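The residues making up each chain are set out below.
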Amino acid sequence: MGSVHKATFVLLMFCLAVLGRAEYLKYKDPKQSIGVRIKDLLGRMTLAEKIGQMTQIERENATTGVLSKYFIGSVLSGGGSVPSSKASVAAWQSMVNEMQKDAMSTRLGIPIIYGIDAVHGHNNVYKATVFPHNVGLGVFQGP
Ligand SMILES: *[C@@H]1O[C@H](CO)[C@@H](O)[C@H](O)[C@H]1NC(C)=O
């Protein structure tokens, strides 16, 4: 065996060893049915993780490490709760990405759901398109 082949062989064995250590997680397998994945995930969760996943906290309280510490399932921006004054799309994206990274760092790696109390489109994003309210009323034709 030449040295290039030996190096390739060693690298291949190393990769197989690393892959062999990764545990197969049924709930992360998209080929499984939703029911099977849910049952598998619930079977793995502790009571603390279940409580956390059923909890939604306000954006203001989702400070660094809180989501992973309490296994929080959802974060909400209540009306007017913005990452910063005149927050751009990039500011919103960066904030949510940081939260998602924290949530995904947990043992089970469950992503959060992010909710926003916004009207007329996402009116809390600075310079966002704001749509007219109740557009349906505008097309009403009386008798
Ligand atoms: C959530 O944030 C608000 C505003 O900063 C604060 O008054 C409240 O005490 C916080 N709640 C918790 C549980 O940290």
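Residues numbered from 1 in each chain as written. Predicted model: local features only at pLDDT ≥ 70, side-chain atom pairs only at ≥ 80, totals over all residues. Heavy atoms only, no water.

Novice: Is there a simple way to explain the sheet that holds strand β1 (residues 56-58) in this structure?
Specialist: Strand-to-strand pairing in sheets goes through backbone hydrogen bonds, with the strands running parallel or antiparallel. Within the open sheet, the three strands sit side by side as β1-β2-β3. Their pairing is parallel. Since the sheet does not close on itself, it has two edges, and those belong to β1 and β3 (113-116), each with one partner. Averaged over all pairs of adjacent strands, the angle between strand axes in this sheet comes to 25°, irrespective of strand direction. As defined by bridge partners, β1 adjoins strand β2 (residues 74-77) across three bridges and the pair is classed as parallel. Note that in β2 the partner of Ile57 across the bridge is Val75. Strands β2 and β3 of the sheet are contacted by helix α5 (residues 89-104), whose axis makes an angle of about 145° with β3. (Pairing = 2+ DSSP bridges. Helix = DSSP H or I, 4+ residues; strand = E, 2+ residues; numbered from the N terminus. Axes fitted to C-alpha atoms, helices over the stretch in contact; angles between N-to-C directions. Contact = heavy atoms within 4.5 Å.)

Novice: Any chance you could explain the nonpolar core here in plain terms?
Specialist: Side chains that are nonpolar tend, in soluble globular proteins, to be buried together. Residues Ile57, Leu67, Val75, Met99, Ile112 and Tyr114 are the most contacted members of the largest nonpolar core, which totals 14 residues. Among the elements of the structure, α4 (66-70) and α5 are those that each provide at least two residues to this core. For this core, the element with the highest residue contribution is α5, accounting for four residues. Core analysis: the next-biggest nonpolar cluster, separate from the first, contains five residues, Tyr27, Leu41, Met45 and Ile110 among them. (Core = buried A, V, L, I, M, F, W, Y, C linked by side-chain atoms within 4.5 Å. Buried < 20%, exposed > 50% of the residue type's maximum accessible area, 1.4 Å probe, protein only.)

Novice: Whenever I open this one, the pairing of β2 confuses me. Can you help?
Specialist: Walk down a regular strand and you will see the side chains alternate between the two sheet faces. One ladder, built from four bridges, connects β2 with β3; its direction is parallel. Each residue of the ladder has a partner; that of Ser77, found in β3, is Ile116. As a crossover connection, the stretch from β2 through α5 into β3 is right-handed. (Right-handed = clockwise from strand over helix to strand, strands pointing away.)

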